[in-house]
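Read off the chains here:
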Amino acid sequence: MTALAGRIPAASLVLLGILSVQVGSALAKQLFDEVGSFGTVALRLCFAAAVLLALWRPSLRIERRAWTVVLTYGLVLGLMNLCFYLSLDRLPLGIAVTIEFLGPLAVALAGSRRWLDGVWVLLAGGGVVLLMEGRGALDTVGVLLALAAGAFWGLYIVVGAALGRHTTEGNGLALGMVVAAAVAVPVGVADSGTALLEPWVLAAGLGVALLSSVIPYTLDLEALRRMPPRVFGILMSLEPAAAALIGLALLGETLSWSQWVAVLCVVAASAGATRGA
């Protein structure tokens, strides 16, 4: 896959990664009726861990401090996925991703003293207001879970940077994914039981893992080798809009005009904050 990715323009790699993640989320939502959100998370992280271990074959002989970072990274990754899938069970895909995206936006704006960044905060806040006042009442628990997923996403960015400093290549990612699977799998098995062993469920779970974890992470790593992080972040800002479009196309989830405007407000705020950073 890495050799193939090397022949694709870096910007296209980022966009393909975004598309892969959101199609994977749409596929995951189809599994909820069969194994629930807990079971779906368990399948995704378990298969992702298995594939990444096979790809990277990481060594367990790393420093104690590196193990601390790996364990923290895996715990945050597992909780982020659990909260997001629980919110996805209660909210449309586009809205769940838009709310979750406030986490990375907060990281981009943290500690800033530029007046322009205050504009991005106001724009994102206006987007949230429009989102909450859109057609139909949003599930309160779903919104809170999406906010929690966003908070863990923000932590994931911070801890992920530390992971890059303390581990090499994809070794830390593979070990962290194993830790995340250890967090999610017991919960998923307790909630879904033997339903997780249905052949079509296992096949769909593998598809979710590849689309939501293995493929986009690989594409993102290759893209970051060939473009500045600032440009990467601006392109990633398109994710809420992509989620809304995928939700409409694959799940039939329609948003009101004000909710579309809200999504675009968050996209613009994230792109502006990332460009400034």
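Data block above holds the structure.
Attention here is on the structure that accompanies the text.

So, the overall build of the protein chain
Of regular secondary structure, the protein chain possesses 12 helices and zero strands. Element order for the protein chain, N to C, with α for helix and β for strand: α-α-α-α-α-α-α-α-α-α-α-α. Computed over the C-alpha atoms, the radius of gyration of the protein chain is 18 Å, within 12% of the 19 Å expected from 2.2 N^0.38 for a compact globule of 277 residues. Counting only C-alpha atoms and orienting by the principal axes, one finds that the protein chain spans roughly 45 × 40 × 35 Å. Relative to its full complement of 277 residues, the protein chain shows a buried share of 51%. Here the protein chain displays about 12,800 Å² of accessible surface, and carbon together with sulfur accounts for 67% of that area. Side chains of the protein chain give 16 positive and 15 negative charges; the mean places of these two sets differ by 13 Å.

Description of the pattern of salt bridges
Within the structure shown, the criterion is met by two salt bridges. Residue Lys 29 pairs with Glu 253 through a salt bridge whose shortest N-O separation is 2.6 Å. With Lys 29 in helix α2 (residues 10–56) and Glu 253 in the loop between α11 (239–251) and α12 (257–276), this pair connects stretches of sequence that are 224 residues apart. Each member of the pair, Lys 29 as well as Glu 253, is classed as buried.

Section: the side chain of Ser 270
Note that Ser 270 resides in helix α12. When residues no more than four places from it in sequence are discounted, the contact partners of Ser 270 are Phe 101, Leu 105 and Ser 237.

Focus: the packing of helix α5 (residues 102–109) against helix α6 (residues 115–132)
For the pair α5 and α6, the least separation of the axes is 11 Å and the interaxial angle reads 165°. By the angle between their axes, α5 is roughly antiparallel relative to α6. α6 is crossed by α5, and the crossing has left-handed handedness. Contacts between α5 and α6 pair Leu 102, Leu 105 and Leu 109 from the former with Asp 117, Trp 120, Val 121, Ala 124 and Val 128 from the latter.

Section: the layout of surface pockets
The computed volume of the largest pocket comes to approximately 1,500 Å³. Among the secondary structure elements, those contributing two or more residues to the lining of the largest pocket are α2, α3 (64–88), α4 (93–100), α5, α7 (140–166), α9 (199–226), α10 (229–236) and α12. In terms of residue class, the lining of the largest pocket is built from 25 nonpolar, 13 polar and seven charged.

Description of unusual backbone geometry
Even without being a glycine, Arg 57 presents a positive backbone phi close to 45°. Within the element layout of this structure, Arg 57 appears in the loop between α2 and α3. A residue is classified by how much of its surface remains accessible, and Arg 57, at 71% relative accessible area, is exposed.

A look at the side chain of Glu 253
For Glu 253, a relative accessible area of 15% translates into the label buried. Ignoring sequence-local partners within four residues, the contact set of Glu 253 consists of Lys 29, Pro 92, Leu 93, Gly 247 and Leu 248.

Thresholds, definitions, all that
- Residues numbered from 1 in each chain as written.
- Predicted model: local features only at pLDDT ≥ 70, side-chain atom pairs only at ≥ 80, totals over all residues.
- Heavy atoms only, no water.
- Helix = DSSP H or I, 4+ residues; strand = E, 2+ residues; numbered from the N terminus.
- Rg over C-alpha atoms; globule rule 2.2 N^0.38 Å.
- Buried < 20%, exposed > 50% of the residue type's maximum accessible area, 1.4 Å probe, protein only.
- Areas by Shrake-Rupley, 256 points an atom, 1.4 Å probe, with all protein chains shown as cover.
- Lys, Arg positive; Asp, Glu negative; His and termini not counted.
- Charge placed at Lys NZ, Arg CZ, Asp CG, Glu CD.
- Salt bridge = Lys/Arg side-chain N within 4 Å of Asp/Glu carboxyl O.
- Contact = heavy atoms within 4.5 Å.
- Axes fitted to C-alpha atoms, helices over the stretch in contact; angles between N-to-C directions.
- Parallel < 35°, antiparallel > 145°, perpendicular 65-115°, else oblique.
- Left-handed = near helix turned anticlockwise from the far one by under 90°.
- 1 Å grid on protein atoms, 1.4 Å probe; cavity = no way out; pocket = protein on both sides within 12 Å on 5 of 7 lines; lining within 4 Å.
- Points joined across faces, edges and corners; volume = space filled by probe spheres on them.
- Nonpolar A, V, L, I, M, F, W, Y, C, P; charged D, E, K, R; others polar.

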